Amino acid sequence: MTDPQILIFAMIAAMMGLFLWGRFRHDVVALAALLACVIAGLVPPDAAFAGFGHPAVITVACVLVLSQGLRNTGAVDWLARSLLPRDAGRITTMLALIGLGAALSGFMNNVGAMALLMPIAVQVSDRLGLAPGQILMPLAFGTILGGMTTLVGTPPNLIVSGFREEAGLGQFAMFDFAPVGLAVAITGVLFVAIIGWRLVPARKSAAGSSFDTGTYLTEVRVPEKGKAVGLTMRGFEAEIDDSGAQIVGLVRNEVRMTAPHGARKIHAGDVLVIQADVDALAEALSVFGITLEAQQTAPRDKDDAPGKTSKTAKAETSTGKTDKVADADQSDQRDEDIVLRELAVLPGATIVGRSASDLRLRTRYGLNLLALSREGRQPQARLRKLKLKSGDLLLLQGPAEMMAEFINDTGCVPLGERELRIPDKRMAIIAGAIMLGAVGIVTLGLLPAPVGFALGVLASMLLRTVPLRKIYTTIDWPIIVLLAALIPVAGAMQTTGAADMLARFLVGTIAQGNPIAALAVVLITTMFLSDVMNNAATAAILCPIALGIAATLGVNPDSFLMAVAIGASCAFLTPIGHQNNTLILGPGGFRFGDYWRLGLLVEVIVVVVSIPLLLIVWPL
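Residues numbered from 1 in each chain as written. Predicted model: local features only at pLDDT ≥ 70, side-chain atom pairs only at ≥ 80, totals over all residues. Heavy atoms only, no water.

### Focus: the overall build of the protein chain
Summing up its helical and strand segments, the protein chain has 24 helices and 9 strands in all. Relative to its full complement of 620 residues, the protein chain shows a buried share of 55%. Considering only contacts within the protein chain whose residues lie at least 6 apart along the sequence, 79% involve residues at least 24 apart. In the form shown here, the protein chain has an accessible surface area of approximately 25,000 Å², with 59% of it arising from carbon and sulfur atoms. (Helix = DSSP H or I, 4+ residues; strand = E, 2+ residues; numbered from the N terminus. Buried < 20%, exposed > 50% of the residue type's maximum accessible area, 1.4 Å probe, protein only. Contact = heavy atoms within 4.5 Å. Areas by Shrake-Rupley, 256 points an atom, 1.4 Å probe, with all protein chains shown as cover.)

Pasting the structure below:
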């Protein structure tokens, strides 16, 4: 083993270890690995950032923009409500919902498809008398399976196609993945919709009226010459910070304000609405010597479910874009403007790693964070200081307009019933036509995939199906950086001979020189790695090894590249293997160990169905 080979193996091992640890984001780890390879001389400095111009990276970015166009115009909402049965039984409804999710994932971002259908899935679960997780997990698995059917269905397919082109074999066509991928997807969807959902733990979701905050909303009156008089809301909360209590409302002159601004001063006679548990409430009252005005439990009944209006009478209208707030009377809002919403935190959302205090929810949006659920449990830390994670479920209260702005800014997914809003039916048709046109251009071979989809993005910009100001914010930059950084690292495995050496080891030691056994080893290894690290990273690492195995055995490399593509789209055992698995953690009330019961059987089905088909469609 040469020194460069030792170095690249050490780099890959360290990178995988950091992926598994999960302390740092995947794109940060990949970028660190790339720079380490450059410093070590494994990647030429002038080729360090060549990955950003790689066809796979450009195509992924373009597909994300086109997917956003479908979402913005309401085209997918209309399609879902047109195709899904309203009064069918469990099996029919599940087949329709999961099948639609799989079909959408073949042409748009998997996470986008899942996010659009999640609210519908939660509503369907209530109608069918099932726990939300029993619908959400099969739907998540269906959207993952659907991605393996087309070239643009998932980033690993584009990475595999890119490595094929670099090997001098040309890129895969748009539907080259369909013969095997479609059969696997259909089989998997049928299994999870008919049988598999029964294996999902029927855990109580943290959604809806089952949100158990363990706290009370208590009204306390500020006495004359009390210690609180003259303090700002922010100062008052600083004094009771250790108790974990928080102010969620203010009543002054019979006018109730939700999420009062932090700079607003407290007057004698004000009634403060405080959210706290019993012990924290006693501590907060003792600090200022204030008295109870009235007491009620936190809202939990159906009238206060997401999508319904709060019983709060008035709301503060300041959006809080600045801390300079006058204490003058503000315009009142109607009862209907104050809403409760359950929001799921998407993987990669801008609020991940930040707390409610960091986000300045009240100052910027006038919103209260009433409760948070993580993996089906209520965290013990104080809400205002708790760092948010992917899959968390938030219960927010505030003005409807500001709630909508928060959702748009952060990309969180509302789980309550959403109105079907198509601002312009013509724009929805245009967005669908642009996507179909781009797919048609690539399918017919008129233009390469990056150019064809970039043309679609240009059309979206000119026709405004995606607002120009949001073109770049719709792109998932962490995945772009991850892909662009890993492509040169994977190339270093080939140039140093490390991939060929590892391929010879796998063929000689594990597969014993048997091509079919080697194909199974590649597929299963890829599936396993996808369960514990990013699927795009898995594909980038395994592609050079798969090409090396094919060269060692003297067989068709397409069989092994397709095995990598299939395996990289099969992350079903853990919530960290795929973003869609992470997304359903909170809404489904799941724990880390809940996925393997259904996921293991799905992965067995994938192996059983795909190996024979790979040998038929892509013979060795």
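### Let's talk about unusual backbone geometry
One non-glycine residue, Arg 464, adopts positive backbone phi at about 60°. The residue Arg 464 is located in the loop between helix 16 (449–463) and helix 17 (477–495) in this model. Note on Arg 464: relative accessible area 53%, which makes it exposed. Phi at Gln 512 takes a positive value of approximately 55°, unusual for a residue other than glycine.

### Topic: the sheet that holds strand 8 (residues 393–399)
With antiparallel pairing, 4 strands are arranged side by side in an open sheet as 7-8-6-9. On the outer flanks of this sheet lie strand 7 (368–373) and strand 9 (413–414), each paired with one strand and no other. Where strand 6 (residues 338–344) meets strand 9, 2 bridges bridge the pair, whose relative direction is antiparallel. Looking at strand 9, one finds that Ala 344 is bridged to Val 413. Sheet strands touched by helix 14 (residues 400–410): strand 6, strand 8 and strand 9. Its angle to strand 8, the strand with the most contacts, is close to 140°. (Pairing = 2+ DSSP bridges. Axes fitted to C-alpha atoms, helices over the stretch in contact; angles between N-to-C directions.)

### Focus: the environment of Gly 588
With respect to the helices and strands, the residue Gly 588 is situated in helix 23 (residues 585–588). Considering only alpha carbons, one finds Gly 588 and Ile 135, 453 residues apart in sequence, at a separation of 8.6 Å.

### Structural notes on the packing of helix 2 (residues 26–39) against helix 17
Helix-helix packing is described using two parameters, namely the angle between the two axes and the distance between the axes. Close contact between helix 2 and helix 17 brings their axes to 8 Å; oriented N to C, the two are set at 30°. It follows from the interaxial angle that helix 2 and helix 17 lie roughly parallel. Helix 2 and helix 17 meet at a crossing whose hand is left-handed. Listed contacts from helix 17 to His 26, Asp 27, Ala 30, Leu 31, Ala 33, Leu 34 and Cys 37 of helix 2 are Pro 478, Val 481, Leu 482, Ala 485, Leu 486, Pro 488 and Val 489. Residues belonging to the contact of helix 2 with helix 17 are distributed by class as follows: 12 nonpolar, 1 polar and 1 charged. (Parallel < 35°, antiparallel > 145°, perpendicular 65-115°, else oblique. Left-handed = near helix turned anticlockwise from the far one by under 90°. Nonpolar A, V, L, I, M, F, W, Y, C, P; charged D, E, K, R; others polar.)

### Section: the packing of aromatic side chains
Within this structure, the stated rule accounts for 8 aromatic pairs. Look at Phe 49 and Phe 52: their rings are 6.3 Å apart centre to centre, the planes differ by 40°, and that puts the pair in the tilted class. Relative to Trp 618, the ring of Phe 172 lies with its centre 5.7 Å away and its plane at 75°, an arrangement referred to as edge-to-face. Of this pair, Phe 172 sits in the loop between helix 8 (155–166) and helix 9 (178–194) while Trp 618 sits in the segment after helix 24 (596–617), and the two are 446 residues apart along the sequence. In this pair, the class of Phe 172 matches that of Trp 618, namely buried. The side chain of Arg 164 reaches across the aromatic face of Phe 172, ending 4.6 Å from its centre. (Phe/Tyr/Trp six-rings, centres within 6.5 Å; stacked < 30°, edge-to-face > 60°. Lys NZ or Arg CZ within 6 Å of the ring centre and 35° of its normal.)

### Side note on the side chain of Thr 150
On the secondary structure map, Thr 150 appears in the loop between helix 7 (132–146) and helix 8. Within the structure, the side chain of Thr 150 is placed 2.3 Å from the backbone oxygen of Gly 106, a separation counted as a polar contact. Polar contacts involving the side chain of Thr 150 include one to the main-chain amide nitrogen of Gly 153, which spans 3.1 Å. The contacts of Thr 150, once residues within four sequence positions are left out, are Gly 106, Phe 107, Asn 157, Met 174, Phe 175 and Phe 177. (Polar contact = N/O pair within 3.5 Å; in protein donor to acceptor, adjacent residues only side chain to side chain.)

### Section: helix 1 (residues 3–21)
Residues three or four positions apart in an α-helix share a direction because the helix packs 3.6 residues into each turn. Across its 19 residues, helix 1 extends 27 Å between first and last C-alpha, which sits within 8% of the 27 Å expected from 1.5 Å per residue. Residues of helix 1 that are buried: Gln 5, Ile 8, Met 11, Ile 12, Met 15 and Phe 19. The arc that holds every buried residue of helix 1, seen down its axis, measures 130°, which confines them to one face. Exposed side of helix 1, more than 90 degrees from the buried face: Asp 3 and Trp 21 are the residues found there. Remark: Gly 22 follows helix 1 within two positions and exhibits a positive phi of approximately 75°. (Expected span 1.5 Å × (residues − 1). Arc of directions from axis to C-beta.)

### Some words on the pattern of salt bridges
With the rule as written, the count across this model stands at 4 salt bridges. Taking the shortest distance from any N to any O, the salt bridge between Asp 270 and Arg 252 comes out at 2.6 Å. With a gap of 18 residues between them, Asp 270 in the loop between strand 3 (255–258) and strand 4 (271–276) and Arg 252 in strand 2 (residues 246–252) connect regions that are remote in the sequence. A relative accessible area of 2% means that Asp 270 is categorised as buried. Its salt-bridge partner being Lys 387, residue Asp 358 comes within 2.8 Å of it at the nearest N-O pair. Here Asp 358, found in helix 12 (residues 356–359), pairs with Lys 387, found in the loop between strand 7 and strand 8; they are 29 residues apart in sequence, far enough to count as distant. On the accessibility criterion, Asp 358 (38% relative accessible area) is partly exposed. (Salt bridge = Lys/Arg side-chain N within 4 Å of Asp/Glu carboxyl O.)

### So, helix 19 (residues 515–532)
The first and last C-alpha atoms of helix 19 sit 26 Å apart over 18 residues, in line with the 26 Å expected at 1.5 Å per residue. On its buried face, helix 19 is in contact with helix 1, helix 18 (498–510), helix 20 (535–553), helix 21 (557–568) and helix 24. Two or three places before Ile 516, at the opening of helix 19, Asn 514 has a side-chain oxygen 2.9 Å from that residue's backbone nitrogen.

### Considerations on the pairing of strand 3
Looking at chain direction, strand 2 and strand 3 are connected through 4 bridges and run antiparallel. Counted as the bridge partner of Leu 250 is Met 257 from strand 3. If you look at the hairpin formed by strand 2 and strand 3, you'll find 2 residues sitting between the two strands, and Asn 253 has a positive phi there, around 55°.

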